[in-house]
Amino acid sequence: MPVIDLWAKDGYLSTPDGNSIYFWGFSKSETGPAQLPGPHIVARQGETININLYNTLTEPVSISFSGQSGIMADGQPVQPQYTDGKLLSFFNHAEPGGMVSYTFTPSFPGTFIYESGTNPHKQVPMGLYGGMVVRPADYNPDAREFKTAYGAGTDTEYDREYLLITWEIDPDMHQAVEEGKPYQVSKFLPRYWTLNGRCAPDTMLMDGLDYLPHQPYGSMIMGQPGEKILMRYIGAGIENHPLHPHGTHTRVVAVDGRLLRNENVDLSFKRFTVLVGAGQTYDQIYQWDDLGYTTQNPIPTILPNLRNMGVGDAGWTMWSGSPYLGVKGDIPVGVVSYNEFGEYYFMLHSHEELQITNWGEFPGGMMTMVAIYPSLSPAVGILE
Amino acid sequence: MATITRVLQVSTGSLSLPGGNIPFWGFADALRVIPQLPGPIIEATAGDRILIFLMRNFFRPIGEPISILFPGQENVLVRKIPGGPFILEPVKPQYSSGKIISFTNFLDELQDLIIEYSFIARKAGIYLYESGTNPEKQIQMGLYGIIIIRPPGYNNPGHPNFKTAYGTDTNSFFDVEKILVLSEIDSVMHNDVLPNVYYDMLKFKPDNWVINGRSFPDTVNEDNNSSQPYGSQINCRVGQRVLLRIVNAGLQNHTLNLGGFVGLVVAEDSFPLKTSTLDATYEKTSLTLGSGQRMDIIITPNASGEYYLFDRGYHHLVNNDHFPGGMMTKINVSS
Amino acid sequence: MATVIKRFGATDGWVSMPDGTDHYIFGFVDISVVPENQIFQYRGKATLLAPLLDVYEGDEVYLTLTNLGFPNRPDLDDTHTIHWHGFPNQIPLWDGVPEASISVPVGRDFTYYYQPLDPGTYIHHCHFEPVEHIQMGMVGPVTVRPKLEKELGLKFAYNDENTAYDREGLIFLTELDPRPHHLVANVQEFDWTEYSPEYWLINGRSYPDTVKPANDQSMPQQPFSALVEAYQGEKVLLRFVNIGFQQHCLQIPGVPLKVVGLDAQQLRGYNGEDISYWRDVIYIAAGQTMDVIFTAPRAGIYPLYNRNLNKNTIAGTEFGGMVTEIRVSPKP
Ligand SMILES: [Cu+2]
Ligand SMILES: [Cu+2]
């Protein structure tokens, strides 16, 4: 039986504008840093897992596993917890310094949120949440028809997969918790919006950077033309966020970890903007197909002299300088191009545009890029 | 087909909330006199004629024109004494200086005695009735209620539509039914509102989050005779099909988490998702409802115990900034 | 298939609200047929909404963006772009994201090329510092009509006879927070996390202006009417667009609404299943579009308004805002 340890602890997350914000998060081990979001849990349909929650915080902490049934805590069915007749936790919790052991057997594949079920108005906005992916029972990443989100025959095959978790931060609330002041959730006013715990442009950086010890997950989506890119969205905040990927639509194949299909009837649908609702999940397939322009089959317009155009006004660009995939053109002198191989970049962002700022400054916040490479290692876009 | 007749009044009253009592405006059964939140539940069968008399209130009027709008119902007719129209005619928005002042015909309590609205309850489902006059103010002040329309044969054991929300073959058979009307209350606005004076809705900032007009823990108390008569605790047994009829009467969007259950969405805005040509029912663990939307969900608990249904917008689970409170209720599953 | 050649100028201007206030905007103006030596007369004449781009599936569209500059803010040399929001399989060159391709400086032109293959309702907007340029007004509608219309000589939302309609209306939703408009006009910064709109608009207007006719003389820079007129029994297609920064819930009490398309995709399952559905309330998020068909009911006036009723206001002073009317006449 897979055993996962989660340690609830505190730490400081950093924002690209230089802010350092106190938060609560889950860590993989007693000595590891609290992280945001919590460690990904990857489980398998039908396989019982055991999750041990160790609480180093000063108030009780519990975990709710949305979409799962038959959850046991220390061998008994989970149940709400009370003190003096007053509800304290939706599920069994670990007291400060204590632990609780949950076991359950996921009966459905899909994408799920796990999050605190104790003082959730405070603990979830403080950072106690993470993503859980349940593989279908027949999952086999080495055989194409079995590398699926929901099982063979469900039209959910994919080539690469990415998890994107939305959340928002009101730094004043975090500071109130840090300083032991009253937590007035009625005054909640977010100043930062995150994907996988980071604000843009940090979202576009790689996983596991030394200088972001508490925010290990990047959000750059990478793939090749024609590939099926599985995007798993999770809404961990208390607000809904409309995520809009440029480049093409996504096909929404499942919501809240349930396939949109009844018997033979397919209910999946395509959208260019998906409203990621609080506490909800959306599995989608993004498939960008090349329009076929190459240097041999040129675009029907003339590329102007780039010295007359705006390129990298902020001193940097992600453009190759060429209209063609896999081709690098000339970028005006003085502009840094982060383009490596002539890959295409498509922005993916919240369309409540104030959320793509860091405390009001664009660019920032809930934004990342989808990068389409002419060719890309199969080792990219694997979720573990 | 029957005619369902209700006589309603609109009255000022008082709501009991965790922060104290605040004034509100509510619909009242004319005989019962006490205004309530939500308004009295009106129940009919598809095909029935629903006839609603809204009577002038001589004792505790709110002091401004009042009306009832029936979203989801078609071809509503109206007549009014003594202001007219005297013969039934289609409802229509009311204008002053070329601009809408009411979405439907209204009762002016300085001049009129009674206004009558009627329509055929065309299709099964759960609907709101609500103020159509100064609705941003009057609906927030409490002027909304629920209409349930049953499919024919609903009460008739042996009929294929027996105990279904939408009739046979819509996957809406149920053992237990609970209506959950979501809303939010701005207590400052309730204290400051004046009749016939425009309220600055830019100041709207709700501080109470309610199901059936109550915030937790009052939600789990039983039905009673107060101005907040409807509890929302759900009691059921393992294996029963529990129909949750979720209605967002608030001005804001809300996301209800089903407390760890996975619900089958069988209807949205009272349009069943399973029809003769398509089964579009689907499963969810949390449901986001826009203002005015309704969803019918079936959950089938497979283990006994206590569970909480709550607003996943966690900032709405507080009373005076303290958890637990707000938009939350309980499901008790016995074996 | 036709070749469509269009030219939009990016510039600034002013819009008015029913309370008599004027607000500074950025926007686009259609200069497709303006001789080159006269285009500068269109500086300061941006419209809210930006011009409609109305094309057929398969058309070859050459859309030139000319940056005419801001006569009211000559110090500001912002570049602009056109982002066709939702264009499938786009390449970065024509996607209008300055960080991922190019943008157009003052006095320059750039031609975008599109060959839309999927009919439906889209949006175009500037993507340069989008929080500012979208809120300032650089947003407009895009309609792609299906080939089936040409084949059958009738109107359809998609290539499916089940999406036939007689009349169409645009319900294009935005909000306006006067503070950033005022601050931008006065060369000051706004903290966008403080965004708090006071006007809610359909087609760039607040009720009761929404029901005034198109190109009304009193609002030269707000040419789009939101009044929908039909005869009883006709099929009416409403193209809902939300390019504000909030979620909205629109309803027309007494009129059931059939949703036939989302985000310029007909509601069809993976195997072609008809998964269109009915609603009483259209709940639409920022950056989404929805195609909705209803049958015009018995003659009368049907208000269309936001069920987030707090938004039906004119800056908190009186009823108005995100409201319009459906006027149905008896069959002729
Ligand atoms: Cu611009
Ligand atoms: Cu966009």
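Residues numbered from 1 in each chain as written. Chains lettered and ligands numbered in written order. Predicted model: local features only at pLDDT ≥ 70, side-chain atom pairs only at ≥ 80, totals over all residues. Heavy atoms only, no water.

Counting secondary structure elements, chain C contains 3 helices and 22 strands. Principal axes of the C-alpha set define a box for chain C whose edges measure 55 × 50 × 35 Å. When the 332 residues of chain C are sorted by exposure, 69% land in the buried category. Sequence-distant contacts in chain C: of pairs separated by 6 or more residues, those separated by 24 or more amount to 71%. In the form shown here, chain C has an accessible surface area of approximately 10,200 Å², with 48% of it arising from carbon and sulfur atoms. The average position of the 24 basic charges and that of the 41 acidic charges among the side chains of chain C differ by 7 Å. (Helix = DSSP H or I, 4+ residues; strand = E, 2+ residues; numbered from the N terminus. Buried < 20%, exposed > 50% of the residue type's maximum accessible area, 1.4 Å probe, protein only. Contact = heavy atoms within 4.5 Å. Areas by Shrake-Rupley, 256 points an atom, 1.4 Å probe, with all protein chains shown as cover. Lys, Arg positive; Asp, Glu negative; His and termini not counted. Charge placed at Lys NZ, Arg CZ, Asp CG, Glu CD.)

For the rest of this paragraph, the subject is the overall build of chain B. A count of helical and extended segments in chain B gives 2 helices and 23 strands. The C-alpha radius of gyration of chain B comes to 20 Å, within 12% of the 20 Å expected for a compact globule of 335 residues. In terms of principal-axis extent, the alpha carbons of chain B reach across some 60 × 50 × 35 Å. At a minimum sequence separation of 6, the contacts of chain B that also span at least 24 residues come to 70%. As presented, chain B carries roughly 11,400 Å² of accessible surface, and 54% of it is formed by carbon and sulfur atoms. Looking at charge distribution, chain B has the averaged site of its 26 positive side-chain charges lying 3 Å from that of its 31 negative ones. (Rg over C-alpha atoms; globule rule 2.2 N^0.38 Å.)

Before going further, it helps to spend a moment on the interface of chain C and chain A. Much of the literature gives interface size as the accessible area that the parts lose upon coming together. Contacts between the two partners involve 64 residues from chain C, matched on the other side by 63 residues from chain A. Summed over both partners, the interface of chain C with chain A comes to about 5,100 Å²; 62% of that surface belongs to carbon and sulfur atoms. Seen at the junction of chain C and chain A, the total is 3 salt bridges. Arg-191 of chain A is paired through a salt bridge with Glu-194 of chain C; the nearest N and O atoms lie 2.9 Å apart. Taken together, the links from chain C to chain A amount to 27 residue pairs in polar contact (both at pLDDT 80 or more). Listed by contribution, the elements that provide at least two residues to the side of chain C that touches chain A are strand E5 (83-85), strand E6 (109-114), strand E7 (120-125), helix H1 (130-135) and strand E20 (288-295) of chain C. With 4 residues, the top contributor of residues to the side of chain C that touches chain A is E6 of chain C. (Buried area = accessible area lost by both parts, 1.4 Å probe. Salt bridge = Lys/Arg side-chain N within 4 Å of Asp/Glu carboxyl O. Polar contact = N/O pair within 3.5 Å; in protein donor to acceptor, adjacent residues only side chain to side chain.)

Looking at the metal site, the copper ion (ligand 2) is ligated by His-351 of chain A (NE2), His-85 of chain C (ND1) and His-125 of chain C (NE2), spaced 2.0 to 2.1 Å from it. Here His-351 of chain A, found in the loop between strand E28 (344-350) and strand E29 (367-372), pairs with His-85 of chain C, found in strand E5, and the two come from separate chains. Among the residues examined, His-351 of chain A registers a relative accessible area of 0% and is labelled buried. (Donors = N, O, S within 2.8 Å, 3.2 Å for Na, K, Ca; no water.)

As a further point, take the sheet that holds E7 of chain C. What links the strands of a sheet is backbone hydrogen bonding, and the strands pair in either a parallel or an antiparallel sense. Residues and elements named next belong to chain C. A sheet is described by the order of its strands in space; here 4 strands give the open sequence E3-E8-E7-E5, paired in mixed fashion. Whereas interior strands pair on both sides, the edge strands pair on one side only; in this sheet they are strand E3 (53-56) and E5. On average, each strand axis in the sheet is inclined to that of its neighbour by 25°, with strand direction left out of account. Where E3 meets strand E8 (residues 139-145), 4 bridges bridge the pair, whose relative direction is parallel. Of the residues in E8, the one forming a bridge with Leu-53 is Val-142. (Pairing = 2+ DSSP bridges. Axes fitted to C-alpha atoms, helices over the stretch in contact; angles between N-to-C directions.)

Moving on, we get to the coordination of the copper ion (ligand 1). All names here are of chain C. On the protein side, the copper ion (ligand 1) has His-80 (ND1), Cys-126 (SG), His-133 (ND1) and Met-138 (SD) as donor atoms, found 2.0 to 2.7 Å from it. Motif for the copper ion (ligand 1), donor spacing along one chain: H-x45-C-x6-H-x4-M. With His-80 in the loop between strand E4 (60-67) and E5 and His-133 in helix H1, this residue pair connects regions lying 53 residues apart in the sequence. A relative accessible area of 1% places His-80 in the buried class.

Further remarks concern the interface of chain C and chain B. Across the boundary between the two partners, chain C contributes 36 residues, which contact 43 residues of chain B. The junction of chain C with chain B conceals about 3,300 Å² of combined surface from both sides, 58% of it contributed by carbon and sulfur atoms. At the junction of chain C with chain B, the criterion picks out 4 salt bridges. For Lys-99 of chain B, the salt bridge identified is with Glu-318 of chain C, shortest N-O distance 2.8 Å.

Attention shifts here to the pattern of salt bridges. A complete count under the given rule lists 42 salt bridges over all chains for this structure. For Arg-144 of chain A, the salt bridge goes to Asp-159 of chain A, with nearest N and O atoms at 2.8 Å. Residue Arg-144 of chain A is located in the loop between strand E13 (129-135) and strand E14 (160-169), and its partner Asp-159 of chain A is located in the loop between E13 and E14; the two are separated by 15 residues in the primary sequence. By relative accessible area, which is 47% here, Arg-144 of chain A ends up partly exposed. With a shortest N-O distance of 3.5 Å, Lys-92 of chain B and Glu-89 of chain B are connected by a salt bridge. Under the relative-accessibility criterion, Glu-89 of chain B is labelled partly exposed at 26%. Connected through shared salt-bridge partners, Glu-43, Arg-150, Glu-177, Arg-245 and Asp-296 of chain B make up one network.

A few words on the sheet that holds strand E2 (residues 20-27) of chain A. All names here are of chain A. Pairing within the open sheet is mixed, and its 6 strands lie in the order E2-E1-E4-E11-E6-E7. At either end of the open sheet lies a strand with only one pairing partner, and these are E2 and strand E7 (76-77). Sheet topology places strand E6 (residues 72-73) next to strand E11 (residues 99-104); 2 bridges connect them, and they run antiparallel. Its bridge partner being in E11, Ala-73 is matched across the sheet by Tyr-102. This element, helix H2 (residues 171-178), spans strand E1 (3-14) and E2 of the sheet and lies at about 75° to E2.

Counting residues in hydrophobic clusters, the biggest one holds 166 residues, and the most contacted among them are Leu-244 of chain B together with Trp-94 and Phe-240 of chain C. Judged by nonpolar contacts, the second largest core, of 59 residues, contains Ile-22, Leu-69, Val-76 and Ile-100 of chain B. (Core = buried A, V, L, I, M, F, W, Y, C linked by side-chain atoms within 4.5 Å.)

All names here are of chain A. Of the positions making up H2, those classed as buried are Pro-171, Met-173, His-174, Ala-176 and Val-177. Elements that come into contact with the buried residues of H2 comprise E2, helix H1 (120-126), E14 and strand E15 (192-195). With a side-chain oxygen lying 2.9 Å from the backbone nitrogen of Asp-172, the N-terminal cap of H2 falls on Asp-170. With its phi angle positive at about 70°, Gly-180 sits one or two positions after the end of H2.

All chains considered together, the criterion is met by 43 aromatic pairs over all chains. Three or more aromatic residues link up through ring pairs in this structure, and these residues are Phe-272 of chain A together with Trp-84, Phe-87, Phe-110, Tyr-112, Tyr-114 and Tyr-122 of chain C. Positioned above the aromatic ring of Tyr-139 of chain A, the side-chain terminus of Arg-135 of chain A is 4.5 Å from the ring centre. When the ring centre of Phe-108 of chain A is taken as reference, the NZ or CZ atom of Arg-258 of chain A above it lies at 3.5 Å. (Phe/Tyr/Trp six-rings, centres within 6.5 Å; stacked < 30°, edge-to-face > 60°. Lys NZ or Arg CZ within 6 Å of the ring centre and 35° of its normal.)

Okay, the domain arrangement of chain B next. Residues and elements named next belong to chain B. Domain annotation for chain B reports domain 1 (3-150) and domain 2 (176-334). Between the C-alpha centres of domain 1 and domain 2 the distance comes to 22 Å. Contacts between the two partners involve 38 residues from domain 1 and, on the opposite side, 45 residues from domain 2. With both chains or domains summed, domain 1 and domain 2 bury close to 3,300 Å², and 59% of this area falls on carbon and sulfur atoms. (Domains from an automatic or database assignment.)

With that settled, the discussion passes to the environment of Ile-115 of chain B. Residue and element names in this part refer to chain B. Turning to its location among the elements, Ile-115 is positioned in strand E9 (residues 114-120). For Ile-115 and Pro-82, which are 33 residues apart along the polypeptide, the C-alpha to C-alpha distance reads 8.9 Å. Those residues within four positions of Ile-115 in sequence are excluded, and the remaining contacts are Ile-52, Phe-53, Leu-54, Val-78, Arg-79, Lys-80, Asn-105, Phe-106 and Leu-107.

Our next topic: helix H3 (residues 178-185) of chain C. Of the positions making up H3 of chain C, those classed as buried are Pro-178, Pro-180, His-181, Leu-183 and Val-184 of chain C. At its buried positions, H3 of chain C is contacted by strand E2 (22-30), H1, strand E11 (167-176) and strand E12 (199-202) of chain C.

A few words now on the environment of Cys-249 of chain C. Residue position: Cys-249 of chain C is located in strand E15 (residues 248-251). Apart from the residues within four sequence positions on either side, Cys-249 of chain C is in contact with Asn-253, Gly-290 and Ser-291 of chain B together with Val-281, Ile-282, Tyr-283, Tyr-305, Asn-306, Arg-307 and Asn-308 of chain C.

Another aspect to go through is a nonpolar patch on the surface. Taken together, the side chains of Phe-58, Phe-59, Ile-81 and Leu-113 of chain B make up a nonpolar region of the molecular surface, amounting to roughly 500 Å² of accessible area. Examined against the element boundaries, Ile-81 of chain B turns out to sit in strand E5 (residues 77-81). (Patch = residues over 30% accessible without salt bridge, like charges linked within 9 Å, V, L, I, M, F, W, Y side chains within 5 Å.)

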